Each structure stands twice: as structure tokens, then as C-alpha cells.
Amino acid sequence: MAILSLLPGYRAIVLAALGSIVYIIGLAVYRLYLSPLAKFPGPKWTAATGWVEVYWDVLKGGKFIFKIEEWHEKYGPIIRISPWEVHIRDAEFYDQLYSVKSRFSKMPHLKERFGIPLSTFDVIEHEHHHRRRAAVGPFFTRQKVIDFSPYITTRVAKLCAILEADYKSTGKIVTLNEAFGALVSDALTWYTYALSYNFLEYPDFKAPFTTAIRNLAYAIPMSTQFPWFVAVMKMLPEKWIGILDPQMKAVFEFHGELRNQIRRIGNGDNDGHKSVTHRTVFHELLASDLKKGGLSEDLLHHEAASITAAGIDTTKSALTMASFWILQKPDIYEKLHQELVEAIPDAENMPSLTDLEKLPYLYAVVQESLRMSYGVTERLTRTNPSGPIQYGDYIIPADTAFSMTSYLQLRSPEIFYQPDEFIPERWLNNPVSSTGHPLSRYLSVFGKGPRMCLGMNFAQAEMYLALAGVFRRMKFELYQTDRSDVDMTGSFFVPMPKDESHGVRVLVK
Ligand code: HEM
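No experiment lies behind these values; they were computed from the predicted model shown.

Criteria and thresholds
Residues numbered from 1 in each chain as written. Predicted model: local features only at pLDDT ≥ 70, side-chain atom pairs only at ≥ 80, totals over all residues. Heavy atoms only, no water. Buried < 20%, exposed > 50% of the residue type's maximum accessible area, 1.4 Å probe, protein only. Helix = DSSP H or I, 4+ residues; strand = E, 2+ residues; numbered from the N terminus. Pairing = 2+ DSSP bridges. Axes fitted to C-alpha atoms, helices over the stretch in contact; angles between N-to-C directions. Left-handed = near helix turned anticlockwise from the far one by under 90°. Contact = heavy atoms within 4.5 Å. Nonpolar A, V, L, I, M, F, W, Y, C, P; charged D, E, K, R; others polar. Core = buried A, V, L, I, M, F, W, Y, C linked by side-chain atoms within 4.5 Å. Polar contact = N/O pair within 3.5 Å; in protein donor to acceptor, adjacent residues only side chain to side chain. UniProt positions renumbered as here; feature names shortened; annotations may be inferred. Near = heavy atom within 4 Å.

Quick look at the pairing of strand E7 (residues 401-404) now. Neither face of E7 is open: one carries Ala 401 and Ser 403, the other Phe 402 and Met 404, and all of them are buried. The pairing of strand E2 (residues 85-88) with E7 spans three bridges and is classified as parallel. Among the inter-strand pairings, Val 86 is bridged to a residue of E7, identified as Phe 402.

So this is what it looks like as C-alpha cells:
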């Protein structure tokens, strides 16, 4: 002991260690027994520490969502999933919570995680979001999308022409994830910037945007838990990042390209909007009054990245999911093909979007594909600054995080029988739930309320036009692909299949 007393540094370390232990125990006791959330059901360790989520999402790769599902089975429809967040699983409550009248905020600590904090998607506070959304919303109305839909039809025809010319009866494999990625990227960039990258003509349809967005998704669990990770990455020279994480190179190139396009529109180098009939989002925004109110290049770049990333991966996945099941289940293919042949006698003369939407089996396939592709699988976390939220006997205090998850909603067995099976028939003949509501009310794949998907009309148009065009003209055979290539094994904001998956691969017959 005499020796120890000679080492003042040692004492300080012991005191600091003791202090930390007391602090950690005190914090756990507070969270477990004294916090306003102490009475909510759920495992004790998730109530005590946020590291449970880090473990399942960051270390195990997007698996927290499966734990949430497991805990709901055990503890009921409302549970505490962290020291500061409550999660609800109740299909009937979704519309009530995410109602159009709600004025919830997002969580401030999540603002930086995509590296585009100025986008509408990442606006935290409701009123501010409302103003921003009002500026971009008008570009994505149903009528605007209907007016633009003939262009999507031409891109679908182009995809089919390439498949016929380069792949049919050749034994060459097509990865549909890439083919649809190129299709939706071409459609979206033409719509928003009047710019065609012609990704459909890239070898094997490998569009760099699609790769970048997927790579970005894999970093989301890390950047969600440790938002400073994005700030550090942004400070490092790009060359270093390319060495540390080669996947991020594609992401930086994606951002560089979008920034470049915004600049070109701003300085008049891209005047493509003059030669197209539709109003392009970024030309209009740059010409609008908003510019006076602080419409910076950064803000537009962040908006462009958000719309592009949100629009490509989700729609690509829904189309890939649809195609897999259509090909996996021959009876579905037959019914769809027959309906399409009857409705479209000449495949070179495709009907309008609004006519396609009236085809009952195509409608059913689109709905079921959206349901099974889940859209955004991360829980949609909000807080209510203006008051508590009541769920049954539970009261979630104001300013407390709460969430629901479409992955659980879309697989509710009480709403969707055999929820993990692809059954388009469930959508035929205006079905209703056991509580008497139309089944479509529970299709929450685009979210609901003031922050629901901006591009819903665009995505649905792409689904009808692409599925009708492709399955009217083409005959495929699945190549070394089974449902493990589409089933989610982890949630990285969007669902991801097993790591070894090569995607949905087909031969063109
Ligand atoms: C099948 C395809 C799609 C699905 C399933 C989907 C799903 C979603 C979901 C669940 C949200 C979050 C809603 C919330 O936070 O409450 C969202 C937001 C968003 N989506 Fe989509 N989306 C799709 C396609 C698109 C397309 C094609 C675009 C662009 C044209 C787009 C642009 C956006 C934007 C900008 C937001 C943020 C809206 C805001 O915060 O105000 N999405 N989407």
C-alpha cells in the first residue's frame, strides 16, 4: 500500500473507475425503475442500455428488427425497445398514429446519418418539413406522373428490346435487380433533371447509381448508431476513404455527379428542360422564388441525393420481388400473362397507365409485390413535442421517441393470411379486413401522414408500366435463384437478402 500511495496516477484511475461503475449502476436503476417509460413492457436489458440495438444492428448486421418482432410476440403490442423509445405493433393503430393531421418531429440525432442533412427527408421539425414538402410535392402529383408516363413506357420498350437482342436464347444471364435498377434510374433522372444517363445501355445493366445506393445502405446501421461516423468520413480525403472502405468510393462519385448536375442546371449548362414537355424538379426549383429564401447549392444537392436514392432502390426492389414470384409460381405467370395478352393485343402499342391500372390481376400483383418488398424496413421513429400519445392504457410522454415498422405491419397475420406467401388473389374483388376496412388501408409500404413517400405515384406508375411491358413481351426462366435471394435477412433501412445472393437471375427464352 505504501508503494501505491506513491503512485497518485493509480489512485485517480481507481477513483475514476469507481465513479464510472456508480454512474452506470445509477443510470440503469433510473432507466429500469424511475424513468417515465419504466412501466412499459419489454426485456430489462433493452430498457437499461442502448447497446442492445448496437449489437443486433451494427455487429450482427441489421437484425434488431427481428428482435423487436420477437419481443412483441412475448410482451404484447406495445414495448420499450431502448431506454428512450417505445415501439408499437398494431395494424389498426397505424393510420391513427401516422395520420395526416399528425404534427410529429423526427429524431434530431438522426439528421446527419445519410450525410444529406438539408434534404426534406431529414428535416426534423414538423412546420419546417411542411414548408419544404410544399415546394417539392407538386412535382409528384398523380396527374404529373400520368403526363410523364409515356416516357416510362418508352424506357420499358427499350429494356425489352435489349433483352430480345442481346440475351434471348443466348444462355447469357440477366440479373433483374440490375436491369430494373437501370430502368428506374433512367426514368427518375430524366424526370428530375431532364438528363438521361442511358444506364439501360451499360454492360449487364450495371448502373453506378444503383451500386452506390446499395453501398450506402450497408453503412446505415453504423451511421445511425454513431452519427459522428459520417462527419469523420466527410473530413477525410476521398482517396483515404477509397482505401479504408472501397465501397464508399461509388457513394462519393454518386454525390459528386449529383452536385455537378445541380451546378450545371444552375449555370445554364443543362437546359434540357427546354426540350422536354414535363416540368423538371430542379430546373423549376432553381427558377423559383425559393431561391431568394436560401435555396443553396448544398440544399439542392441534398434534395437531389435524397430523391434519387429514395426513388431508385425501393422501386427496383419491388419490381425484382414481383418478377421473382411471378416466375417462381407458374400459375401466377399464366394468369398475369393471359390478362395482359387479352388487354394488349399488340405489344408495340402499350395502353396508357390509367388503362393498365384497371387490370384486376395486374393490380393484385402490384399490391402484393409492394407488400412483400416492405419498402423501408427501418422503424419510422417520431416524437410528439406538443403532448403525450395514448395507446390503450399506456401514455407515451411528450418528446419521447415512438415508432412502428412497416415490415411488421405488412406481415400482420390477422390482416394478411399466410403473410409470408406471395398471394395476389388476396387483393382481388375489393377485399376487406375482419374489422371491415378495405385491405388497401393496411398497405403501409409508402408510410402514411405528412411525411409519407413523396414518390408514391411515380413508383406505382413504374410498377404497372414495367410489369405489364416486360411480362407481356418477355419469357424468362429463373437461373439458380430461389426465395433466399429475395427474403430479407437484415434491415439496412431497406431490406437486404443474404450476403451471398447474386440477385434474381434469369435466362431469356
Ligand atoms: C416502391 C417504391 C417506394 C417505396 C416502397 C417507398 C417508401 C417510402 C417510405 C416508407 C418513406 C418514408 C415515409 C415516412 O417517413 O413516413 C418514403 C419517403 C420518401 N420517398 Fe419513397 N418509396 C418508394 C419510391 C420512391 C420514389 C420513386 C421516390 C422519388 C421519386 C421517392 C421519394 C421519397 C422521398 C423524397 C421521401 C421523403 C419524404 C419526406 O420526408 O417528406 N420514393 N418512401
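That shown, we press on.
The next point concerns the packing of helix H8 (residues 142-167) against helix H21 (residues 456-473). Close contact between H8 and H21 brings their axes to 9 Å; oriented N to C, the two are set at 35°. Judged by the sense of rotation from one axis to the other, the crossing of H8 with H21 is right-handed. Across the interface between the two elements, Arg 142, Val 145, Phe 148, Ser 149, Ile 152, Thr 153, Val 156, Ala 157, Leu 159, Cys 160 and Glu 164 from H8 touch Asn 457, Phe 458, Ala 461, Glu 462, Leu 465, Ala 466, Gly 469, Val 470 and Arg 473 from H21. In the contact of H8 with H21, the residues fall into twelve nonpolar, four polar and four charged.

Moving on to the nonpolar core. Counting residues in hydrophobic clusters, the biggest one holds 122 residues, and the most contacted among them are Phe 205, Phe 282, Leu 362, Leu 467, Phe 471 and Phe 476. For this core, the leading source of residues is helix H16 (residues 297-328), giving 14 residues. In this view, Phe 476 contacts Leu 163, Leu 176, Leu 327, Val 470, Phe 471, Val 506, Leu 507, Val 508 and Lys 509; residues no more than four positions away in its chain are not counted. Residues Phe 40, Tyr 94, Phe 104 and Phe 402 belong to the second largest nonpolar core, which totals 15 residues.

For the rest of this paragraph, the subject is the environment of Arg 411. Along the chain, Arg 411 falls in the loop between helix H20 (406-409) and H21. Under the relative-accessibility criterion, Arg 411 is labelled buried at 14%. Arg 411 has contacts with Glu 69, Tyr 374, Pro 419 and Asp 420, leaving out every residue within four places of it along the chain. Only 2.8 Å separates the side chain of Arg 411 from the side chain of Glu 69, close enough to count as a polar contact.

Attention shifts here to the UniProt feature "binding site: heme" (unreviewed entry) in the chain. Within this structure's numbering, the places UniProt gives as "binding site: heme" (unreviewed entry) are Cys 453. One can find Cys 453 in the loop between H20 and H21. Since its relative accessible area comes to 32%, Cys 453 is described here as partly exposed. Residues in contact with Cys 453, not counting those within four places in the same chain, are Arg 133 and Phe 446.

To continue, consider the site of the ligand. Taken together, 24 residues surround the ligand, and among them His 129, Arg 133, Arg 382, Arg 451 and Cys 453 come closest. The side chain of Arg 382 places a nitrogen or oxygen atom 2.7 Å from an oxygen atom of the ligand. Arg 451 is positioned with one of its backbone polar atoms (N or O) 3.3 Å from an oxygen atom of the ligand. Among the secondary structure elements, those contributing two or more residues to the shell around the ligand are helix H7 (126-136), H16 and strand E4 (380-382). Top element by residues in the shell around the ligand is H16. It accounts for five residues. Here the residues of the shell around the ligand are counted per class, giving 13 nonpolar, eight polar and three charged.

This part covers the sheet that holds strand E11 (residues 505-508). Taken together, the three strands give an open sheet; going across it, the order is E3-E11-E8, and neighbouring strands pair in antiparallel fashion. The strands lining the two open edges of the sheet, one partner per strand, are strand E3 (173-175) and strand E8 (476-478). If you compare each strand with its neighbour and ignore which way they point, the axes differ by 40° on average. Pairing geometry for E8 and E11, over three bridges, is antiparallel. Looking at E11, one finds that Glu 477 is bridged to Leu 507. Helix-sheet contacts for H8 involve E3, E8 and E11, and the interaxial angle to E3 is about 155°. Contacting E3, E8 and E11, helix H9 (residues 176-193) runs over the sheet at an angle of about 55° to E3.

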